[in-house]
Amino acid sequence: MTRPPTAAGPGPAVPGAPDSALADTLLDRLTTVYPAAGDPFRAQEMVAYMKGVVPFLGIRTPERRALSRTVLDGTPPPGENDCAAVALRCFALPEREYHYFAVDYLRRHVRRCSPAFLPVARRLVTTDSWWDTVDHLAAHVVGGLVAADPALAGEMDRWIEDDDLWVARTALLHQLRFKAATDADRLFAHCLRRAADTDFFLRKAIGWSLREYAKTAPAEVRAFLAAHGSRLSPLSVREALKNLPPLPGEGRE
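Residues numbered from 1 in each chain as written. Predicted model: local features only at pLDDT ≥ 70, side-chain atom pairs only at ≥ 80, totals over all residues. Heavy atoms only, no water.

## Digging into the packing of aromatic side chains
- Overall, the coordinates contain nine aromatic pairs when judged by the stated rule.
- Ring centres of F56 and Y100 lie 6.3 Å apart, and the angle between their planes is 55°; this geometry places the pair in the tilted category. Note that F56 is positioned in the loop between helix 2 (40-49) and helix 3 (61-72) and Y100 in helix 5 (residues 96-109), a separation of 44 residues in sequence. Assigned by exposure class, F56 and Y100 land together as buried.
- With a centroid separation of 5.9 Å and an interplanar angle of 15°, the aromatic rings of F101 and Y105 are classed as stacked. Here the residue F101 and the residue Y105 both occupy positions in helix 5, the gap between them amounting to four residues, near one helical turn. Both residues of the pair, F101 and Y105, count as buried.
- Three or more aromatic residues joined by ring pairs make a cluster, and in this case those are W130, W166, F200 and F201.
- Looking at R122, its charged tip hangs above the ring of W159, at a distance of 5.6 Å from the centre. (Phe/Tyr/Trp six-rings, centres within 6.5 Å; stacked < 30°, edge-to-face > 60°. Helix = DSSP H or I, 4+ residues; strand = E, 2+ residues; numbered from the N terminus. Buried < 20%, exposed > 50% of the residue type's maximum accessible area, 1.4 Å probe, protein only. Lys NZ or Arg CZ within 6 Å of the ring centre and 35° of its normal.)

And the structure:
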């Protein structure tokens, strides 16, 4: 299999990716180790499962993560520029396994990134967008940045208005791991802002975000649904109710 060009080797540099010796090392290792482990038949199955959004090398998750540990062996902790360089260069490669590596890397090191990393995260969210990368970026990377600097929550108010459904989905899901630290007013306002959308992924995200918060604040979610459930899609309501026990006399589909 021909090795794909990267910013560390032949081919054009990735626009906006900062210089990073660490990224050079990781991309060199990745583009050697990952293709050698690929399975073309499995790759076709993965492409079909992901609706043809991106090509795959055909590496199952346990094997990919084992290979990633080999790639990372002996490398130092990254700085913010390294995180940006690794992520942007990985997402510039076509096969999804490289994107997964980047997402895993950012999940591990998001605490090393400042609020200035948010535009990089947005660029990743809008690159070959599908739930498999967007949801992890939303909950673990964007959410991690907002948790570290609550001033970024105002940017989520802008993202919820975005015409790109994946940017709006990220705004809906960024508080998934916040638990008691959830800004309930913002969560509920975001759900209502996109309540009229007919897109499946936005409706599902509304329900998921409410369902997750219901684990921490069931009374608040139930009160929100009682007041505003008629504005939400049936899908959103069903998802939101999954962690709430039925009230006496309340039926469930």
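Now, onward.
## Comments concerning the packing of helix 9 (residues 165-173) against helix 11 (residues 200-214)
- At a minimum axis distance of 9 Å, the contact between helix 9 and helix 11 shows a crossing angle of 5°. Comparing their axes, helix 11 and helix 9 come out roughly parallel. From helix 9, L165, W166, A168, R169, L172 and L173 reach across to helix 11, where they touch F201, L202, K204, A205, I206, W208 and S209. (Axes fitted to C-alpha atoms, helices over the stretch in contact; angles between N-to-C directions. Parallel < 35°, antiparallel > 145°, perpendicular 65-115°, else oblique. Contact = heavy atoms within 4.5 Å.)

## A word on the nonpolar core
- By size, the foremost hydrophobic cluster in this structure holds 86 residues, and its most contacted members are F101, F117, L210 and L225.
- For L210, the residues in contact, after removing those within four places along its chain, are L187, F188, C191, V221, F224, L225, L232 and A240. (Core = buried A, V, L, I, M, F, W, Y, C linked by side-chain atoms within 4.5 Å.)

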